[in-house]
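In case you want the letters, here they are:
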Amino acid sequence: MTIKLQIYKCNICGNIIQILQEGDGNLVCCGKEMELMGIQYDTDELGEKHTPKTEFKDNKKYVNVIGHPMTKEHYIQFIESYTKEKDELHLKFFKPDEVPEMEVKLEGAINTIEYCNIHNLWGDNVMLENENGNYSI
Ligand SMILES: [Fe+2]
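Report on the accompanying structure. Counting from 1, residues in each chain are numbered in the order their sequence is written. Per-residue local features of the predicted model are confined to residues with pLDDT of at least 70, and side-chain atom pairs are confined, for both listing and counting, to 80 or more; whole-chain, interface and lining totals are unaffected and use all residues.

### Here's the deal with the pairing of strand β7 (residues 60-64)
Piece 1. Think of it this way: DSSP has to see at least two bridges between two strands before they count as a pair. Helix and strand definitions follow DSSP, with helices as H or I runs of at least four residues and strands as E runs of at least two, each counted in order from the N terminus. Relative to β7, strand β6 (residues 53-57) is paired through 5 bridges, and the arrangement is antiparallel. Considered in β7, the bridge of Phe56 is made with Lys61.
Piece 2. For β7 and strand β10 (residues 101-104), the ladder comprises 4 bridges, and the chain directions are antiparallel. Within β10, the position partnered with Tyr62 by the bridge is Glu103.

### Section: the environment of Gln40
Piece 1. Mapped onto the elements of the fold, Gln40 is located in the loop between β5 (35-36) and α1 (45-50).
Piece 2. Our exposure labels follow a C-beta count within 10 Å of each residue's own C-beta, placed from the backbone: buried means 20 or more other C-beta atoms, exposed means 12 or fewer, and partly exposed covers the counts in between. Assessed through the 18 C-beta atoms surrounding it within 10 Å, Gln40 is described here as partly exposed.
Piece 3. C-beta atoms are placed from the backbone for every residue, and two residues are taken to be in contact when these atoms lie within 7 Å. Residue contacts for Gln40: discarding those within four places in its chain leaves Asn120, Leu121 and Trp122.

### Examining the environment of Pro69
Piece 1. As for its position among the elements, Pro69 is in the loop between β7 and β8 (76-83).
Piece 2. When the C-alpha atoms of Pro69 and Lys49 are compared, they prove to be 8.6 Å apart, with 20 residues separating the residues in sequence.
Piece 3. The contact partners of Pro69, leaving out residues within four places of it in the chain, are His74 and Tyr75.

### Observations regarding the sheet that holds strand β1 (residues 7-9)
Piece 1. With antiparallel pairing, 3 strands are arranged side by side in an open sheet as β2-β1-β5. Because the sheet does not close on itself, it has two edges, and the strands there are β2 (16-18) and β5.
Piece 2. Here β1 pairs with β2 via 3 bridges, running antiparallel. The residue of β2 that forms the bridge with Ile7 is Gln18.

### A closer look at the sheet that holds β7
Piece 1. Spatially, β6-β7-β10 is the arrangement adopted by the 3 strands of the open sheet, whose pairing is antiparallel. Of all strands in the sheet, those with a lone pairing partner are β6 and β10, marking the two edges. Along the sheet, successive strands turn relative to each other by an average axial angle of 30 degrees, direction set aside. Every axis in this analysis is a line fitted to C-alpha atoms, fitted for helices over the stretch in contact. Angles between the N-to-C directions lie between 0 and 180 degrees.

### Overview of the pairing of β8
Piece 1. The pairing of β8 with strand β11 (residues 110-116) spans 7 bridges and is antiparallel. When the bridges of β11 are listed, Ser81 appears paired with Thr112.
Piece 2. As paired elements, β8 and strand β9 (residues 89-93) share 5 bridges and run antiparallel to each other. Across the sheet, Phe78 pairs through a bridge with Phe93, a residue of β9.
Piece 3. Taking the residues between adjacent antiparallel strands as the criterion, β8 and β9 are bridged by 5 residues, where Lys86 takes a positive phi near 60 degrees.

Here you go:
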């Protein structure tokens, strides 16, 4: 059983997918079950560089992962924010050398996650803990 907005990865070809509609089936890619990507939360040095931050400038809400490298080898590939009800989301992809920041026009409380091409998914709030002890949406 999947959960809306969970992110899965194929460890063979690198496909990354997100759940838009929950279902009972297992997700398979390249002949193997896809891996649910856990969301990391941490306060150590690695977490410091990866935890998305929310800031307000000129009455606009921004989320960013400024402070993280944005080189060809190591960069933030996307940031996604969504409402607590998961009824609206904002997703932005980044290239190396870009500033990993986006304006968010979502009302109310939001969750934000980001994906680093080396260190995987990080979140700004503690989400659900699954049976493997990993956190996910
Ligand atoms: Fe990283």
